[in-house]
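Residues per chain, in single letters:
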Amino acid sequence: MSIVTVQLGQCGNQTGHEVFSALCSDIRGTHGLCSKKENEAYHDSCRERFFCEEESGVPVARAVLVDMEPKVISQTLSTAARSGHWKYNSHSHFCQKQGSGNNWANGYSVHGPRHKEAIMNLVQKEAEKCDRLGGFFTIMSMAGGTGSGLGAFVTQCLRDAFPTSFILNHVIWPYGTGEVIVQNYNSVLTLSHLYQSSDALLVHENDVIHKICAQLMNIKQISFRDVNQVIAHQLGSVFQPTHTAGGGSGYSRNPLGDLMETLVPHPEFKMLGLRNIPQMPENSLAYSTFSWPGLIKHLRQMLIANAQMEEGIDWQIRPPHAGSSIPSTHKPLHFNTSIANLVILRGKDVHGVDLGSFQDPSLYTSWLSPQDAFNAWKTPRAFNKYEKSASLVSNSQFLLKPLDSIVGKAWNMFASKAYLHQYTRFGIQEEDFLDCFTTLEQVISSYTNL
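Residues numbered from 1 in each chain as written. Predicted model: local features only at pLDDT ≥ 70, side-chain atom pairs only at ≥ 80, totals over all residues. Heavy atoms only, no water.

### What about the nonpolar core?
Ranked by internal contacts, the top residues of the largest apolar core, which has 142 residues, are Phe239 and Phe358. Element by element, the count of residues in this core is highest for helix 4 (residues 104-129), at eight residues. Ignoring sequence-local partners within four residues, the contact set of Phe239 consists of Arg49, Phe50, Phe137, Leu168, Leu202, Leu256, Leu259 and Arg346. (Core = buried A, V, L, I, M, F, W, Y, C linked by side-chain atoms within 4.5 Å. Buried < 20%, exposed > 50% of the residue type's maximum accessible area, 1.4 Å probe, protein only. Helix = DSSP H or I, 4+ residues; strand = E, 2+ residues; numbered from the N terminus. Contact = heavy atoms within 4.5 Å.)

See the structure below:
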């Protein structure tokens, strides 16, 4: 099944480009470390999922690019075409001249309705090119105006136009110190609207990725491109083909459907976090060896202690004892309770890996059995030059703290009516803000009480 990617705003387009580049360099690599037959099946499955073929033989990304100013899209199209390995369809993009001025309301209430028909026509055309449409993957940031406001509007349009398709929103969380003065407003409005129309939100925090670039990748002057490449690597580690638990011998047919089925058992809980190990500069790989028990031990502790990367994990945090039905308020401090977890293993000897430690009932909420709450996908084909790599997609309390913080900051601004006139002039009223706060307070309360 194929996935149509919708790249929204500057951040969405730049990140989307890195995602397709990472997928392409992975399938072009000869480093599969697996049988030729396995490698070919992997190759074909990835191609069908993310690219369509042209007569020229150059894969064309199944993507629609949307921005309210032309510069980033024209750069993105030409960089992809210059690579010679893949490209975007030269007709699958929509841009305007004026931008959204970092104003969510401008993107949502003005640009959205005005350009809905043109944007949805492009999406429809891409969807029609798929033999079987698996769903939509949108990439956007929450801080600005186009990705967030127009992104929320386009997601609602996707839900209306394709009521039975899966929609996964990839959302990039702004730096805590701030890129835009009204980023907390924009974030609250984006998240609450996406919560209504999306099947799941997969979140990357800029602060976390920045730390990975600095501490694990040893990058001195970190650029947005560096950050986007780490995000793309992590997304590739989830979306490249794998064998699912009950999927027989072939590669998974419907990655988005499989992801939702394993991780989103209830519509109140749809915030997914992603962790991936190991991560290091390419030139260090030759000098590093990893064992599966070591990787699994680190990944499990990252889950329990809500650690964002394999350095600086708090090893003191332990799950509560099995059988002691402790109310959530008395759980050990900082312990991260999960609803559902998915571990994805790629590389040598994956089929012998023991994942029993992830099936410990004390990691999960009481209303799901560990058999339902935990799943593993595996493939012997290595990913992106890593002999062994493991990813964890988790529906847990990972995002509780950042969500609580962003809602709190937005509420303080709202209480003093700061910058509200910027939104009301585009038709977003105080009641709309209050509805959004209510939606997110409910999400925070649900995750807190796990």
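### A few points about the pairing of strand 12 (residues 374-379)
Where burial is concerned, most of strand 12 is hidden: six out of the six residues are buried. Of the two faces of strand 12, the one lined by Phe374, Ala376 and Lys378 and the one lined by Asn375, Trp377 and Thr379 are each fully buried. Pairing analysis gives six bridges linking strand 11 (residues 338-347) to strand 12, with the strands arranged parallel. Bridge pairing in strand 12 places Asn341 opposite Phe374. (Pairing = 2+ DSSP bridges.)

### Considerations on the environment of Asn412
Within the element layout of this structure, Asn412 appears in helix 13 (residues 400-415). A sequence separation of 383 residues divides Asn412 from Gly29, and the C-alpha atoms of the two residues are 50 Å apart.

### Regarding the sheet that holds strand 2 (residues 51-52)
A sheet is described by the order of its strands in space; here three strands give the open sequence 2-3-5, paired in mixed fashion. Unpaired on one side and paired on the other, strand 2 and strand 5 (87-88) mark the two borders of the sheet.

### Side note on the domain arrangement of the chain
Domain annotation of the chain identifies domain 1 (2-273), domain 2 (282-321 + 332-397) and domain 3 (401-449). Averaged C-alpha coordinates put domain 1 and domain 2 at centres separated by 24 Å. Carbon and sulfur atoms make up 61% of the surface buried where domain 1 meets domain 2, a total of about 3200 Å² over both sides. The tally of links from domain 1 across to domain 2 stands at one salt bridge. As a salt-bridge pair, Arg381 and Asp26 come within 3.1 Å of each other at their nearest N and O atoms. Counting every contact that joins domain 1 to domain 2 gives 12 residue pairs in polar contact (both at pLDDT 80 or more). For the side of domain 1 that touches domain 2, the secondary-structure elements that each account for two or more residues are helix 1 (9-28), helix 2 (36-50), strand 9 (200-205), helix 7 (206-216), helix 8 (224-239), helix 9 (255-263) and strand 10 (271-277). (Domains from an automatic or database assignment. Buried area = accessible area lost by both parts, 1.4 Å probe. Salt bridge = Lys/Arg side-chain N within 4 Å of Asp/Glu carboxyl O. Polar contact = N/O pair within 3.5 Å; in protein donor to acceptor, adjacent residues only side chain to side chain.)

### Re the sheet that holds strand 11
Read from one edge to the other, the open sheet built from 10 strands follows the order 6-4-1-7-8-9-10-13-11-12, with strand pairing classed as mixed. Because the sheet does not close on itself, it has two edges, and the strands there are strand 6 (93-95) and strand 12. Across this sheet, the average inter-strand angle for adjacent strands is 20 degrees, counted without regard to direction. One ladder, built from six bridges, connects strand 1 (residues 2-8) with strand 7 (residues 133-141); its direction is parallel. Its bridge partner being in strand 7, Val4 is matched across the sheet by Phe136. Against the sheet, helix 7 contacts strand 8 (166-173) and strand 9, and its axis sits at roughly 45 degrees relative to strand 9. (Axes fitted to C-alpha atoms, helices over the stretch in contact; angles between N-to-C directions.)

### Comments concerning the packing of helix 4 against helix 5 (residues 146-161)
Taken N-terminus to C-terminus, the directions of helix 4 and helix 5 make an angle of 45 degrees; their axes are 8 Å apart at the nearest point. Between helix 4 and helix 5, the angle falls in the class oblique. Pair helix 4 / helix 5 crosses with right-handed handedness. Residue-level contacts link Trp104, Gly107, Tyr108, His111, Gly112, Pro113, Lys116, Ile119, Met120 and Val123 of helix 4 to Ser148, Gly149, Leu150, Ala152, Phe153, Val154, Gln156, Cys157, Leu158 and Ala161 of helix 5. (Parallel < 35°, antiparallel > 145°, perpendicular 65-115°, else oblique. Left-handed = near helix turned anticlockwise from the far one by under 90°.)

### Things to note about the packing of aromatic side chains
Within a pair of aromatic rings, the relevant descriptors are the distance that separates the centres and the angle that separates the planes. Applying the stated criterion to the full structure yields 21 aromatic pairs. Arranged with centres 6.4 Å apart and planes meeting at 80 degrees, the rings of Phe20 and Phe50 form a pair that is edge-to-face. Of the two residues, Phe20 is situated in helix 1 and Phe50 in helix 2; the sequence distance between them amounts to 30 residues. Of the residues examined, Phe20 reaches a relative accessible area of 2% and is grouped as buried. A residue is classified by how much of its surface remains accessible, and Phe50, at 4% relative accessible area, is buried. Geometrically, the ring pair formed by Trp86 and Tyr88 is edge-to-face, given 4.9 Å between the ring centres and 70 degrees between the ring planes. Neither residue differs from the other here; Trp86 and Tyr88 are each classed as buried. One aromatic cluster is present, formed by Tyr185, Trp411, Phe414, Tyr423, Phe433 and Phe437 through successive ring pairs. Positioned above the aromatic ring of Tyr195, the side-chain terminus of Lys270 is 5.3 Å from the ring centre. (Phe/Tyr/Trp six-rings, centres within 6.5 Å; stacked < 30°, edge-to-face > 60°. Lys NZ or Arg CZ within 6 Å of the ring centre and 35° of its normal.)

### Here we look at the pattern of salt bridges
Here the structure, examined in full by the defined rule, presents 11 salt bridges. Between Arg225 and Glu18 there is a salt bridge, with its nearest N and O atoms 2.9 Å apart. In this pair, Arg225 is assigned in helix 8 and Glu18 in helix 1, connecting sequence segments 207 residues apart. For Glu18, a relative accessible area of 8% translates into the label buried.

### So, helix 8
Look at helix 8: 22 Å from first C-alpha to last across 16 residues, which is about the 22 Å you get at 1.5 Å a residue. With respect to burial, helix 8 is a largely interior element, 13 of its 16 residues being buried. (Expected span 1.5 Å × (residues − 1).)

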